[in-house]
Amino acid sequence: MVVHSHVFFLTRDPVSVPVARRRVRSRVASWGVLLDEDSRLALDTVTSELVTNAVRHSDRPMLTVAVYVSVPLRRALVEVYDGSITLPRRRQAGTDAESGRGLELVECLALAHGAERTEQGKRVWAELALPEQPMTRRQLLAGPRRAVQAALNALERRGRTPIRAPHCPGSTRPAVPAR
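Residues numbered from 1 in each chain as written. Predicted model: local features only at pLDDT ≥ 70, side-chain atom pairs only at ≥ 80, totals over all residues. Heavy atoms only, no water.

A. Spotlight on helix α3 (residues 102–109). Every buried residue belonging to α3 is among Gly102, Leu103 and Val106, and all of these are buried. Down the axis, α3 shows its buried residues gathered within 95 degrees of arc, on one side only. Those residues of α3 that are buried lie in contact with α2 (37–57), β4 (112–118) and β5 (121–129). (Buried < 20%, exposed > 50% of the residue type's maximum accessible area, 1.4 Å probe, protein only. Helix = DSSP H or I, 4+ residues; strand = E, 2+ residues; numbered from the N terminus. Arc of directions from axis to C-beta. Contact = heavy atoms within 4.5 Å.)

In structure tokens form, the structure reads like this:
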């Protein structure tokens, strides 16, 4: 299974937040992952919130950001490492408060999230869902049965009646009688 990964370092400075957001999004795009509006917004928001918390609450001059993507599993993982050993905790922000909702946003947008102490501080992470990706030429050539099934599924979603293929050895689809 192919897992793409990229790690980069940032200074602990508020200007690093938009830099992290752009770098994560551009790296994911460089791997050929197509994001819809919802997944792009989730990736941008989660990256911003994790980096913002590290900038505000760490005392070390540098942060480490890592992004991992598994296209077959349709998952992205964003991690931020900082030098503070204090784990983040969800706060109750007042209605007029300008901060304090970051972990709540991460919780709403991520499939899973967490934080743990490391030897140099802590790691805060969030796992996000990615949209279904179109099949690549390599996938089409490597797996013709999977390609046929994807085409049949696409036809069914568009309301067309697909042509049923004859039974193939190893297939769970029953044979279709010849006309």
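B. View of the pairing of β4. Examined bridge by bridge, β4 and β5 share seven bridges and lie antiparallel to one another. Bridge pairing links glycine 114 to tryptophan 125 in β5. Here β4 hands over to β5 after two residues, the two strands then running antiparallel side by side. (Pairing = 2+ DSSP bridges.)

C. Summary view of the packing of helix α1 (residues 16–30) against α2. Relative orientation of the contacting elements α1 and α2 amounts to 140 degrees, with a least axis distance of 9 Å. Considering their axes alone, α1 and α2 lie oblique with respect to each other. α1 and α2 meet at a crossing whose hand is right-handed. Counting all contacts with α1, which are made through Ser16, Val17, Ala20, Arg21, Val24, Arg25 and Val28, the residues of α2 involved are Arg40, Leu43, Asp44, Thr47, Ser48, Val51 and Thr52. Here the residues of the contact of α1 with α2 sort into six nonpolar, four polar and four charged. (Axes fitted to C-alpha atoms, helices over the stretch in contact; angles between N-to-C directions. Parallel < 35°, antiparallel > 145°, perpendicular 65-115°, else oblique. Left-handed = near helix turned anticlockwise from the far one by under 90°. Nonpolar A, V, L, I, M, F, W, Y, C, P; charged D, E, K, R; others polar.)

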